[in-house]
Amino acid sequence: MRNPFFSIVMPVYNTELALIKRTYDSILNQTYHDFELIIVDDGSKNSVAEFLEELCIDDRSRLLHKENAGVSAARNTGIQMCKGNYIAFVDADDIINCDFLRQAYSYIVKFNSDVVFGQLEFSTVIGDVVNAITKNNCTTENMDAIHINKQNYKGDAVCFNLSSNEERNNIIECLIKSSNRKLNLVLTGSPCGAVYKASVCRKIMFNENIKICEDQIFNYYILKTVDSCAIVPDIW
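Residues numbered from 1 in each chain as written. Predicted model: local features only at pLDDT ≥ 70, side-chain atom pairs only at ≥ 80, totals over all residues. Heavy atoms only, no water.

## Some remarks on the pattern of salt bridges
Counting across every chain of the model gives eight salt bridges. A salt bridge links Glu36 to Arg62, with the nearest nitrogen and oxygen atoms 2.8 Å apart. Taken together, the positions of Glu36 in strand β2 (residues 35-42) and Arg62 in strand β3 (residues 61-66) put the pair 26 residues apart, joining distant regions of the chain. The exposure class of Glu36 is buried, given its relative accessible area of 7%. Accessibility expressed as a relative area gives 26% for Arg62, which makes it partly exposed. Measuring nitrogen to oxygen at the nearest pair gives 3.2 Å for the salt bridge that ties Asp42 to Lys66. You can see Asp42 sitting in strand β2 and its partner Lys66 sitting in strand β3, a full 24 residues away along the chain. (Salt bridge = Lys/Arg side-chain N within 4 Å of Asp/Glu carboxyl O. Helix = DSSP H or I, 4+ residues; strand = E, 2+ residues; numbered from the N terminus. Buried < 20%, exposed > 50% of the residue type's maximum accessible area, 1.4 Å probe, protein only.)

## Re the pairing of strand β11 (residues 228-235)
Most of β11 sits out of view: six of its eight residues are buried. As defined by bridge partners, strand β5 (residues 115-119) adjoins β11 across four bridges and the pair is classed as parallel. Across the sheet, the residue bridging to Phe117 is Ile231, located in β11. Examined bridge by bridge, strand β9 (residues 157-161) and β11 share four bridges and lie antiparallel to one another. Each residue of the ladder has a partner; that of Phe160, found in β11, is Cys229. (Pairing = 2+ DSSP bridges.)

## Considerations on unusual backbone geometry
Phi at Asn14 takes a positive value of approximately 55°, unusual for a residue other than glycine. With respect to the helices and strands, Asn14 occurs in the loop between β1 (6-12) and α1 (17-28). For Met205, which is not glycine, the phi torsion reads 60° and is therefore positive. Counting through the fold element by element, Met205 comes out in the loop between α7 (198-204) and α8 (214-225).

## A short note on α1
With twelve residues, α1 extends 17 Å from end C-alpha to end C-alpha; this agrees with the ideal 16 Å at 1.5 Å per step. Residues of α1 that are buried: Ile20, Thr23, Tyr24, Ser26, Ile27 and Leu28. In this structure, the buried side of α1 is in contact with β1, β2, α2 (46-55) and β3. (Expected span 1.5 Å × (residues − 1). Contact = heavy atoms within 4.5 Å.)

## Quick word on α2
For α2, the complete set of buried residues consists of Val48, Ala49, Phe51, Leu52 and Leu55. The arc that holds every buried residue of α2, seen down its axis, measures 160°, which confines them to one face. Those residues of α2 that are exposed and angled more than 90 degrees off the buried face are Asn46 and Glu54. Taken together, the buried residues of α2 touch β1, α1, β2 and β3. (Arc of directions from axis to C-beta.)

## Overview of the confidence of the model for the protein
Looking at the protein as a whole, its pLDDT mean stands at 85, while 80% of the residues score no less than 70. Predicted confidence is poor over residues 137-141, with pLDDT under 50, and the contacts of this stretch with residues over four places away or in other chains come to twelve contacts. Counting contacts from residues 178-186, a segment whose pLDDT is below 50, to residues more than four positions away or on other chains yields 22 contacts. (pLDDT = per-residue confidence, 0-100.)

## Considerations on the packing of α1 against α2
Contact pair α1 / α2: the axes reach a minimum separation of 11 Å and the direction vectors enclose 25°. Here α1 lies roughly parallel to α2, going by the angle between them. Here α1 runs over α2; the crossing is right-handed. Note on element contacts: α2 touches α1 through Ser47, Val48, Phe51, Leu52 and Leu55, opposite Leu17, Ile20, Lys21 and Tyr24. Here the contact of α1 with α2 is composed, by residue class, of seven nonpolar, one polar and one charged. (Axes fitted to C-alpha atoms, helices over the stretch in contact; angles between N-to-C directions. Parallel < 35°, antiparallel > 145°, perpendicular 65-115°, else oblique. Left-handed = near helix turned anticlockwise from the far one by under 90°. Nonpolar A, V, L, I, M, F, W, Y, C, P; charged D, E, K, R; others polar.)

Take a look at the structure:
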C-alpha cells in the first residue's frame, strides 16, 4: 500500500474534549486527502483516552496511548510512527485551515522546499466574540526590514537555498537572531503552521530534556540541516 504524502502528528494531554473534536474535524475536513493522522495520547486521564478511542474511527487515523513524558516526547513518538514524506504538527486545541495541506503541497512542488513555514493566527474567545491576532506576519515589506536579498522573493513567498554555509548562517542570523519585531521571530515559534520533510525531522527530533523554547530549538536545527526553505503568506 502506498504511503501518504503528509503525516499529521497531534499530541494530546488532557485537552478539553470539545477542543479535541474541533481540531480532529478540521484535520479530516482537509481539501487535500493524501494524509494520515497520528494522535499520540501522552498519558491523559481515562475520560480523554476513552474519547480518543471513540473518535478515531476514520481509516486515516492512528492512535497511540503512552505514559506521560511531555509534548516533545509525544511529537517524537509521532515522528517515529510517520509514513508520510512530509510532517505537519497540530496541537489538540488548534483549528487548521481546510486548504492547509493542499496549499502546502503546491508550495512544496513549486519551490522544492524541505520545509515550508506558513502563518499562524492566535485567537481568544470571550463569550461569543472571537478575537484573532496574526502572530507570524511575514510579508515582503517586513522582509525588507532585515535586508533579505530581492532574489529570494517568489511573489508573496520568500524562498531560501541553504546549500552554502554562508547563506545559511546569514538567514539564521536574520530570521532567528533578528530583533526586528515586525517578523515576530517567524522561524522560531511553534512548529505548527508548517510542513517539514520527514527524513529531516527524524534526524533532528525534539529535545525531550528541555521544557522551555524546545520549539525554537527544533526550528533552529531544522534550518541548520535543510537545503531549502520557504516562508509563505497563507494562514494555516
